[in-house]
Amino acid sequence: MGKSLKDNIDSRYFEAANALRGKQARRRIVAYVESYDDIYFWRTVLSTFENEKRYFEVMLPSKANLTRGKKSVLMNFMGNHVGPDMIACVDADYDYLLQGCTAQSKKVIQSPYVFHTYVYAIENFQCYAPSLHDVCVAVTLNDHRIFDFREYFREYSEICFPLFVWSVWAYRSGNYTHFSLTDFSRVTDPGGFTVQTPEVSLKNVRHKVQTKLHELQRQYPDNKDAYLKTKSEILTLGITPQTTYLYMQGHHLFDTVVVPIMTKVCNLLRQERQTEIYHAQAHHTQKRNEMSCYENSRQDIKTMLKKNTGYMLSEQFRHVQEDVSRFLEKDPPTMTANKTNHTNQEQ
């Protein structure tokens, strides 16, 4: 069976549709995204730019065959499909860091109609360290700061950064089969984390990272200059040793690093709140009702993380907004790419 009409339309279709609406109607800009989870994130990005003249409709690339993912989105931008009334919004993955070393990377960072997250994926934004305490409050309804997420992920990032440089080098040079993202994720898994002694997990990561660094240095003894060049170029893109976690594989960071840490922090905060209720000077029935009310008000960690918008204060999110603003301000036929050299440092 052939493709549906919906799959065959391109930017000219939306341009024509907008023209038929008349001068007083709002311009409709279609934004294709990778998955259901991406719809909410890109809505938070694009809502800021809606006004009486234009609005965005965020949708998946195909309703006919349910194809998802980055390649599916970018396929809509082949040939005449591209245009000012149809844009693509995708995770940066390593394409931002590759800086045009592959055809896909070149398309992501150079096309004025393709927008990316700058961080690896939307999950990295959801795990933005300065916002994680607020997520814990939303989950547990307890505002006691028993753990410093910002400091932990600063130190965690600094430990991982040297190996992260090797990872980017491996993908730029085509050696990723010898050191893949899966390998990097396995080494940087902070197993053994406890809220009381977080330094133990950091020590564990440091040991594994150092072991892997020595292994790579033995495997590639003449790679010092290439490594230093990659490191220098990474720094010019705005990545710092303190923010490495934002550029790690998103699902790994979310599921293997952040959620287990937050689970232990939230468990302690819940226990603390439950203990307060238990020891309160009140009638047994009143305390039981209070406990029931508290239990019914608690939220799920993963759900609240996916709804977290604290990343909107980050430098990386501002870069995304700047790209959209530049796209809307410029005359579409003369637009040029300017998305590859953000050097601002995150606080």
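Residues numbered from 1 in each chain as written. Predicted model: local features only at pLDDT ≥ 70, side-chain atom pairs only at ≥ 80, totals over all residues. Heavy atoms only, no water.

A.B. asks: Sorry, what's going on with the pattern of salt bridges here?
C.D. replies: Proximity of charged atoms lets side chains of opposite charge pair with each other. In total, this model carries 17 salt bridges according to the counting rule given. Linking Glu 57 and Arg 28 is a salt bridge whose minimum nitrogen-to-oxygen distance equals 2.7 Å. Note that Glu 57 is positioned in strand E2 (residues 54-59) and Arg 28 in strand E1 (residues 27-32), a separation of 29 residues in sequence. A relative accessible area of 12% places Arg 28 in the buried class. The partner of Glu 151 in a salt bridge is Arg 154, and the shortest N-O contact between them spans 2.4 Å. Taken as a pair, Glu 151 and Arg 154 lie in helix H9 (residues 149-173) at a separation of three residues, close to a single helical turn. (Salt bridge = Lys/Arg side-chain N within 4 Å of Asp/Glu carboxyl O. Helix = DSSP H or I, 4+ residues; strand = E, 2+ residues; numbered from the N terminus. Buried < 20%, exposed > 50% of the residue type's maximum accessible area, 1.4 Å probe, protein only.)

A.B. asks: I keep staring at unusual backbone geometry and nothing clicks. Help me out?
C.D. replies: In most cases, non-glycine residues show a negative phi, while peptide bonds are predominantly trans. Positive phi values are uncommon outside glycine, yet Asp 93 reaches one of about 50°. Within the secondary structure, Asp 93 is located in the loop between strand E3 (86-90) and helix H5 (95-98). Owing to a relative accessible area of 22%, Asp 93 belongs among the partly exposed residues under this scheme. We note that Leu 141 has phi near 60°; this positive angle belongs to a residue other than glycine.

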